[in-house]
Amino acid sequence: MRLRALLENDALGLRLLGGEDELDRSVRGVMTTDLKDPSRYLSGGELVLTGLAWMREPAESEPFVRVLASAGVSGLAVGEVGVAALATGEAGRGDVPEELVEACSRHRLPLFIVEESVAFATITEHVVRQVSGERAGDLAAVVDRHRRLMTSGPAGGGPEAVLDLLGSDLDLRAWVLSPTGRQVAGAGEPLDPALAAGLAAEHLAATRTGRRGPHRLTVHGTPYSLFPIRNTGRAAAPASRDVRETVLSDWLLAVEADAGDWPAARLDLLQGVTQLISVERDRRDAARTVRRRLAQEVLELVQTGAAPAEIAARLRVAAPVLLPGLGAAPHWQVVVARVEWDQEGGQPPVEAGPVTQALLEEILVDPATVGAESADRIAVAHTGDEAIALVPLAAGPIPESEDDGPAPALGLHADALLAAVRAPLSAGLADDGRLTLGVSASVHSAEGLRGALEEARHARRVAAARPGRVCAAGHHELASHVLLLPFVPDDVRRAFTARLLDPLRDYDRRHRAELIPTLEAFLDCDGSWTRCATRLHLHVNTLRYRVGRIEQLTGRDLSRLEDKLDFFLALRMS
């Protein structure tokens, strides 16, 4: 297809800003990016879509356009939303920077602007459908019929519809799997859960080694080919600089066939199918925005010490969204998760918050549940690299035990959450990543949420102290003092910590003596002078001087167990 055909399609919302003489260029694909240099992801012939997040100043236009022109792309389209966000001085808010227009003109690169009302996913879907239809005829009907189904919304069938058509038109059995191996969609009989988990583990391991898909393997004599499914919508990050930022959140398409025997045309068509499914994935992710926002609002209220009445009012708004039709107020549990990656020298840190958020949403779904909508009752927020889930539990009578033993506890259990997903996630984390998770007890009111949040965080720290790539801990595993800390009244906390720590903080501010970090390290090392000095890179005599100063300022003796315990509790509550 040609650029001119895209421009003439009013539904795509494209307006030409320059390069009218180049509109007969062929378009062979779409690339969405906000990288300054996306050259390694370009093969030529793409229509590049960008929100201009890469632009810090208009002068950066020239090198960006030069990269695109050198790669042989067909054209560049910028979103009105990104343009408006620039507010670029001379150009004025809402105008494409003149430097970008001039750079495109110099390199004879057609430049378009995309109306705010049109999502990048809409353009991507249209181009994929058209290009796939031109490359070969055996899947053109599938793509076209699936497009018609998708345009009517979720009722049109979603990924299940295109998988049904793959089976009927191409005799291919296929399933869409989450990174934990849960079946999101499939045609015919569901995939065996153990097999699905094994396929997901193989896909994640291959992705971490940098191998390009599809990944091929044979299980019990049956061949499978695994295709990655990546988001292509406006909010997606399709050109991640580090595979670890997306490996634990991307879906995959498992096809019961050996793609090594396929011609290039059919491989291209299956890649087009993965892009169509990714459009539906992006749509469903967008539908989670309301639940994520509810979780974020409740979390901010809890962390800032808002009045219980204010938190309760927000929970009353959240309950109907998360538990539609529920007559009674639910109980709540808090789950805290964290994904941490080893950082190599000179490498920028991996942004783990969004992927942890998506991963926790997946972990909280029953692995036996089929379908993408099963996470509709889960609200997950993230702050930094930490994801926090607010999980509603329908209020009701406590279940009776089948014997004379204690009744089973309501709600989520830490070990059970990770039992079915540990193998695939360990493959994705490889030898440089860790997932740790903590689960609180259930609470029935807003007053208990702050305690539940701290309890879940303490449980996650307990999990982090254990060996292994995927670890979890529940509230029942917490030591007694850790269990009690979240429920100490705020005024008592402040008074206790102030008496012990304020003299040290004041001294640190005046002299930069680092007494507080020294105290933390000393207690973490169980009072060992040698280990603490090594950790802090200090001479033992310097450490003894600092500890002596701490004792002098506070009137405490760090050789006494009672005083050590008081300092330990004060640091935990500060």
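Residues numbered from 1 in each chain as written. Predicted model: local features only at pLDDT ≥ 70, side-chain atom pairs only at ≥ 80, totals over all residues. Heavy atoms only, no water.

## Description of the pairing of strand β7 (residues 183-186)
In step 1: Strand direction decides the pairing type here: strand β6 (residues 174-177) and β7, joined by three bridges, are antiparallel. Residue pairing in the sheet places Leu177 in a bridge with Gln183 of β7.
In step 2: Taking the residues between adjacent antiparallel strands as the criterion, β6 and β7 are bridged by five residues, where Gly181 takes a positive phi near 95 degrees. (Pairing = 2+ DSSP bridges. Helix = DSSP H or I, 4+ residues; strand = E, 2+ residues; numbered from the N terminus.)

## A word on unusual backbone geometry
In step 1: The step from Gly213 to Pro214 runs through a cis peptide bond, and the omega angle for that step is 0 degrees.
In step 2: One non-glycine residue, His220, lies in positive phi territory at about 55 degrees.
In step 3: Note that His220 resides in the loop between β8 (215-219) and β9 (222-229).
In step 4: Notably, Ala430 is not glycine yet its phi reads approximately 55 degrees, a positive angle.
In step 5: With respect to the helices and strands, the residue Ala430 is situated in the loop between α14 (422-429) and β14 (433-439).
In step 6: Ala430 gets classed as partly exposed once you look at its relative accessible area, which sits at 28%. (Buried < 20%, exposed > 50% of the residue type's maximum accessible area, 1.4 Å probe, protein only.)

## Observations concerning the environment of Ala379
In step 1: You can see Ala379 is positioned in strand β12 (residues 379-383).
In step 2: Taking the C-alpha atoms as reference points, Ala379 and Leu360, 19 residues apart in sequence, are found 9.8 Å from one another.

## Quick look at the pairing of β9
In step 1: With respect to burial, β9 is a largely interior element, six of its eight residues being buried.
In step 2: The sheet contact formed by β8 and β9 spans five bridges and is antiparallel. Residue Thr218 lies in a different strand from β9, and its bridge partner there is Pro223.
In step 3: A loop of two residues connects β8 with β9, the two strands running antiparallel in sequence, and His220 in this loop sits at a positive phi of about 55 degrees.
In step 4: As defined by bridge partners, β9 adjoins strand β10 (residues 251-255) across five bridges and the pair is classed as antiparallel. Looking at β10, one finds that Leu226 is bridged to Ala254.

## So, the sheet that holds strand β5 (residues 111-114)
In step 1: The strand order across the open sheet built from five strands is β1-β5-β4-β3-β2, with neighbouring strands paired in mixed fashion. Looking at the sheet topology across the chains shown, the edges are occupied by β1 (14-18) and β2 (29-32). Averaged over all neighbouring strand pairs, the angle between strand axes comes to 25 degrees, with direction disregarded.
In step 2: Relative to β5, β1 runs antiparallel, the two sharing four bridges. Each residue of the ladder has a partner; that of Gly18, found in β5, is Leu111. (Axes fitted to C-alpha atoms, helices over the stretch in contact; angles between N-to-C directions.)

## Considerations on the pattern of salt bridges
In step 1: In this structure the tally under the stated criterion is 26 salt bridges.
In step 2: Residue Asp524 pairs with Arg535 through a salt bridge whose shortest N-O separation is 3.5 Å. Residue Asp524 is located in helix α18 (residues 515-524), and its partner Arg535 is located in helix α19 (residues 529-536); the two are separated by eleven residues in the primary sequence.
In step 3: A salt bridge links Arg560 to Asp563; its shortest N-O distance comes to 3.1 Å.
In step 4: Since its relative accessible area comes to 38%, Arg560 is described here as partly exposed.
In step 5: We classify Asp563 as buried; its relative accessible area is 6%.
In step 6: One salt-bridge network, in which partners are shared between bridges, spans Arg556, Arg560, Glu562, Asp563 and Asp566. (Salt bridge = Lys/Arg side-chain N within 4 Å of Asp/Glu carboxyl O.)

## A few points about the sheet that holds β7
In step 1: Judged by pairing direction, the sheet is antiparallel, and its five strands sit side by side in the order β7-β6-β10-β9-β8 without closing on themselves. Strands with a single pairing partner mark the edges of an open sheet, and in this sheet they are β7 and β8. Across this sheet, the average inter-strand angle for adjacent strands is 25 degrees, counted without regard to direction.

## Remarks on the confidence of the model for the chain
In step 1: Of all residues in the chain, 83% attain a pLDDT of 70 or more, and the chain-wide mean is 82.
In step 2: Throughout residues 149-156 the model reports pLDDT below 50, and contacts reaching past four residues in sequence, or to other chains, amount to nine contacts.
In step 3: Scored below 50 in pLDDT, residues 233-240 makes 22 contacts in the model with residues more than four places away or belonging to other chains. (pLDDT = per-residue confidence, 0-100. Contact = heavy atoms within 4.5 Å.)

## Some points on the packing of aromatic side chains
In step 1: Applying the stated criterion to the full structure yields three aromatic pairs.
In step 2: We note Arg544 situated over the ring of Trp529; from NZ or CZ to the ring centre the distance is 4.3 Å. (Phe/Tyr/Trp six-rings, centres within 6.5 Å; stacked < 30°, edge-to-face > 60°. Lys NZ or Arg CZ within 6 Å of the ring centre and 35° of its normal.)

## Quick look at the side chain of Ser61
In step 1: On the secondary structure map, Ser61 appears in helix α2 (residues 61-71).
In step 2: On the basis of relative accessibility, which here comes to 0%, the residue Ser61 falls in the buried class.
In step 3: In this view, Ser61 contacts Trp54, Met55, Glu99, Leu100 and Ala103; residues no more than four positions away in its chain are not counted.

## A word on the packing of helix α17 (residues 490-511) against helix α21 (residues 561-573)
In step 1: Remark: α17 packs on α21, axes separated minimally by 9 Å, with the N-to-C direction vectors making an angle of 105 degrees. Considered as vectors, α17 and α21 are oriented roughly perpendicular to each other. On α21, the residues touching Arg493, Phe496, Thr497, Leu500, Leu501 and Leu504 of α17 are Asp566, Phe567, Leu569, Ala570, Leu571 and Met573. (Parallel < 35°, antiparallel > 145°, perpendicular 65-115°, else oblique.)

## Comments concerning the nonpolar core
In step 1: Within the largest apolar cluster, 34 residues are counted, with the highest numbers of intra-cluster contacts made by Leu248, Leu360, Leu435 and Leu437.
In step 2: Those elements that place two or more of their residues in this core are α8 (193-208), β11 (331-341), α12 (353-363), β13 (386-393), α13 (414-419), α14, β14 and β15 (470-474).
In step 3: Once residues lying within four places of it in the same chain are set aside, the contact partners of Leu435 are Ala337, Arg338, Val339, Leu359, Ile363, Leu418, Leu425, Leu429, Arg469, Val470 and Cys471.
In step 4: Residues Ala295, Val302, Val334 and Ala379 belong to the second largest nonpolar core, which totals 22 residues. (Core = buried A, V, L, I, M, F, W, Y, C linked by side-chain atoms within 4.5 Å.)

## Quick word on the side chain of Ser440
In step 1: The residue Ser440 is located in the loop between β14 and α15 (449-464) in this model.
In step 2: Assessed through its relative accessible area of 0%, Ser440 is described here as buried.
In step 3: Polar side-chain contacts of Ser440 include one of 2.9 Å to the backbone nitrogen of Val334.
In step 4: Excluding anything up to four places from it in sequence, Ser440 contacts Gln333, Val334, Ala452, Glu455, Ala456 and His475. (Polar contact = N/O pair within 3.5 Å; in protein donor to acceptor, adjacent residues only side chain to side chain.)

## Overview of the environment of Gln275
In step 1: Examined against the element boundaries, Gln275 turns out to sit in helix α9 (residues 264-287).
In step 2: Taking the C-alpha atoms as reference, Gln275 lies 7.3 Å from Arg230; in sequence the two are 45 residues apart.

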